[in-house]
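Here is what each chain is made of, one letter per residue.
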Amino acid sequence: VVKPHFPMHVTQELWDMYPHGGDLPKHRGDETSANHPYALDLRAHFQTDQFTEEQIRGLRRGYLGAVTYVDRQLGPVVDALDEHGLANSTNVFYTSDHGEMHGKFNMWWKSSLYDDSARVPLIAAGPHFSGGSRVRTPVDLHDLRAAVFHSVRERQPLGWHGEPLQRVRKNDQSRVAFSEYHGHGVRGSGYVIRKGDWKLIYCENAPHQLFNLDEDPEELVNLAGKHTKKFRELEEELRGICDPKAESTRAEAFITRQLDAIKVMGVDPESVEG
């Protein structure tokens, strides 16, 4: 069972644990960020504006139960390490492949580059990590992979990206984290550059967005037109990683080939989840 994940189904016991968990999102569909073209695309694609208040409350309550379910699965793993004397020689990592919009901006699930969707939990525990500490430096899953290699004292293959989490400083304002999205639901590709407190969402077919996450962690105010120097700085970081125009063209060609292959198989492309 993959949890926490839509459709947020849980047992009656887990449901009953959170009688007051069915609240409503603080930021709904009238926010400026909720009406960015890519956000509107996803709201239409997943038909989330049709969700009733009862459904929204139920999904949010079910999510809490699903998180508890996962917590209960992790506990026995940690207990087993203790029982077999492996806790002092084993690093344990917990992460995921995407986040959850959770009703914010009338959006649910994944596919968005807003932090609620794009950020994932990343917890590292074990002999190579100090307990109770939080690292504010942006990292990505390449760094987690590098951490695994570092844990077993092996070198990554030449050309692989990532810096071991064990070596990342706690608050490095100069380090860059990169993400990209070319999937279903939106009219074009998107890219993220995160550097210190700043985040650029570079949209191939819509206005770009720039947020100061220290002052605006909910990503409500787009500063792209106000902080042009910071925008250019982060755009330069992006172009140092890839050419967004060329990458978007390559991605679109790949998607077209996929859809053509699906049609040949006799499958309706609209029924396939990306």
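Description of the structure in this document. (Residues numbered from 1 in each chain as written. Predicted model: local features only at pLDDT ≥ 70, side-chain atom pairs only at ≥ 80, totals over all residues. Heavy atoms only, no water.)

## Examining the overall build of the protein
Here is step 1: Helix and strand counts for the protein come out as seven helices and six strands.
Here is step 2: When the helices and strands of the protein are placed in sequence order, the string is α-α-α-β-α-β-α-β-β-β-β-α-α.
Here is step 3: Computed over C-alpha atoms, the radius of gyration of the protein comes to 20 Å, within 12% of the 19 Å expected from 2.2 N^0.38 for 274 residues, which places it in the range of a compact globule.
Here is step 4: The principal-axis extents of the C-alpha atoms in the protein amount to approximately 55 × 50 × 50 Å.
Here is step 5: For the protein, with 274 residues in total, the buried portion stands at 37%.
Here is step 6: In the protein, 61% of the contacts between residues at least 6 apart in sequence involve partners at least 24 apart. (Helix = DSSP H or I, 4+ residues; strand = E, 2+ residues; numbered from the N terminus. Rg over C-alpha atoms; globule rule 2.2 N^0.38 Å. Buried < 20%, exposed > 50% of the residue type's maximum accessible area, 1.4 Å probe, protein only. Contact = heavy atoms within 4.5 Å.)

## Examining the nonpolar core
Here is step 1: With 23 residues, the main nonpolar core has Phe105, Met107, Tyr114 and Ile201 as its most contacted residues.
Here is step 2: The set of elements that each furnish at least two residues to this core consists of α2 (37–45), α3 (53–83) and β5 (198–203).
Here is step 3: When residues in this core are grouped by element, the largest group, three residues, is from α2.
Here is step 4: Not counting chain neighbours up to four residues away, the residues in contact with Phe105 comprise His27, Arg28, Gly29, Glu31, Ser33, Ala34, Arg43, Tyr114, Glu218, Glu219 and Leu220. (Core = buried A, V, L, I, M, F, W, Y, C linked by side-chain atoms within 4.5 Å.)

## Here's the deal with unusual backbone geometry
Backbone phi values are negative for most residues with the exception of glycine, while trans is the configuration of most peptide bonds.
Here is step 1: Of note, the amide linkage connecting Phe6 to Pro7 takes the cis form, showing an omega dihedral of 15°.
Here is step 2: Despite not being glycine, Asn106 has its phi angle at roughly 60°, a positive value.
Here is step 3: Turning to its location among the elements, Asn106 is positioned in the loop between β1 (92–94) and α4 (115–118).
Here is step 4: On the basis of relative accessible area, Asn106 is assigned to the buried category, the value being 17%.
Here is step 5: Backbone geometry places Ser111, a non-glycine residue, at a positive phi of 80°.
Here is step 6: Looking at the secondary structure, you find Ser111 in the loop between β1 and α4.

## Observations regarding the side chain of Arg43
Here is step 1: Turning to its location among the elements, Arg43 is positioned in helix α2.
Here is step 2: In contact with Arg43, not counting residues within four places along its chain, are Gly29, Ala34, Asn35, Thr48, Asp49, Phe105, Asn106 and Met107.

## As for the side chain of Ser111
Here is step 1: For Ser111, a relative accessible area of 8% translates into the label buried.
Here is step 2: Looking at Ser111, its side chain comes within polar contact range of the side chain of Tyr181, at 3.2 Å. (Polar contact = N/O pair within 3.5 Å; in protein donor to acceptor, adjacent residues only side chain to side chain.)

## Things to note about empty space enclosed by the protein
Here is step 1: Under the definition given, this model contains two cavities of 30 Å³ or more.
Here is step 2: Reported here for the largest cavity is a volume of approximately 110 Å³.
Here is step 3: Lining the largest cavity we find 14 residues, and of these Tyr38, Ser112, Leu113, Ile201 and Gln209 sit closest to its centre.
Here is step 4: Mapped onto the lining of the largest cavity, the elements with two or more residues apiece are α2 and β5.
Here is step 5: Here the element with the most residues in the lining of the largest cavity is α2; it accounts for three residues.
Here is step 6: Volume-wise, the second largest cavity comes out at about 30 Å³.
Here is step 7: Taken together, Leu42, Arg43, Phe46, Thr48, Asn106, Met107, Trp108 and Lys110 form the lining of the second largest cavity.
Here is step 8: Class assignment of the residues belonging to the lining of the second largest cavity gives a composition of four nonpolar, two polar and two charged. (1 Å grid on protein atoms, 1.4 Å probe; cavity = no way out; pocket = protein on both sides within 12 Å on 5 of 7 lines; lining within 4 Å. Points joined across faces, edges and corners; volume = space filled by probe spheres on them. Nonpolar A, V, L, I, M, F, W, Y, C, P; charged D, E, K, R; others polar.)

## Topic: the packing of aromatic side chains
Here is step 1: Under the criterion given, the structure shown has nine aromatic pairs.
Here is step 2: Taking the centre distance of 5.2 Å and the plane angle of 90° together, the rings of Phe46 and Trp109 count as edge-to-face. Of this pair, Phe46 sits in the loop between α2 and α3 while Trp109 sits in the loop between β1 and α4, and the two are 63 residues apart along the sequence. You'll find Phe46 and Trp109 in the same group, each marked buried.
Here is step 3: Three or more aromatic residues joined by ring pairs form one cluster here, namely Phe6, Phe46, Phe51, Trp108 and Trp109. (Phe/Tyr/Trp six-rings, centres within 6.5 Å; stacked < 30°, edge-to-face > 60°.)

Honestly, it's all geometry; don't read function into it.
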